[in-house]
Amino acid sequence: MFTMRKPRAFHHEYIYVDERKEKLQKMEESAKRDLGMLPPKEFSSEDIRGKFVEGTTYLKRRKESGSKPLSYATIFIAIAILCYILHYLITGEFTL
């Protein structure tokens with residue numbers, strides 16, 4: 001009576017995909033890498049980070065616009081100014 005049912009897992013099957021062809025391409029590529037015809041595949045942190053950015057629309061838009069998030073110094077200065085204003089509103093004096 002009090003048990004929560006888990007939601008159904010998402011399962012998507014592609015309609016227009018040739019799995020055999022993709023499997024053959026992967027086998028060819030791995031064989032060429034083993035024989036030395038292609039350079040070994042190396043992973044870097046930038047490759048992995050790029051995959052996360054590609055996956056989210058928010059990060060894509062931010063990357064395209066070129067805007068950067070606020071720095072810690074800017075946030076610290078804003079907090080200090082707000083604390084000074086709060087001090088003025090409580091005491092009524094501009095001195096600390």
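The model shown is predicted, which means the values in this text are computed figures rather than measured ones. Position numbers for residues count from 1 along each chain, tracking the sequence in the order it is written. Whole-chain, interface and lining totals are the exception, using all residues; otherwise, since this is a predicted model, local features are given only for residues with pLDDT of at least 70 and side-chain atom pairs are given and counted only at 80 or more. As a convention, hydrogens and water are excluded, and side-chain values are obtained from all of the structure's heavy atoms.

One speaks of a salt bridge when a side-chain nitrogen belonging to Lys or Arg is within 4 Å of a carboxyl oxygen belonging to Asp or Glu. Going through the model one piece at a time under the given rule, you end up with one salt bridge. Here Arg33 makes a salt bridge to Glu29, at a shortest N to O gap of 2.8 Å. One end of the pair, Arg33, and the other, Glu29, are both in helix α1 (residues 19-35), four residues apart, so they sit about a helical turn from each other. Exposure is judged per residue with a 1.4 Å probe applied to protein chains only, and the accessible area is read against the type maximum: over 50% gives exposed, under 20% gives buried, and values in between give partly exposed. Since its relative accessible area comes to 27%, Arg33 is described here as partly exposed. Secondary structure elements follow DSSP: runs of H or I no shorter than four residues count as helices, runs of E no shorter than two count as strands, and numbering proceeds from the N terminus.

Residues Phe76, Ile77, Ile81, Leu82, Tyr84, Ile85, Tyr88, Leu89 and Phe94 make up a contiguous nonpolar surface patch of roughly 970 Å² in combined accessible area. You can see Phe76 is positioned in helix α4 (residues 72-91). The exposure class assigned to Phe76 is exposed, which follows from its relative accessible area of 61%. The patches described consist of residues with a relative accessible area above 30% and no salt bridge, like charges being joined within 9 Å and nonpolar side chains (Val, Leu, Ile, Met, Phe, Trp, Tyr) within 5 Å. Surface accessibility in these figures is a Shrake-Rupley result with a 1.4 Å probe; residues are shielded only by whichever protein chains are displayed.

The predictor rates its confidence in each residue with pLDDT, a number between 0 and 100. Summarising the model, the chain shows a mean pLDDT of 82, and 83% of its residues fall at 70 or more. Confidence, read as mean pLDDT per element, is least for helix α2 (residues 45-55) in the chain (65) and greatest for α4 (92).

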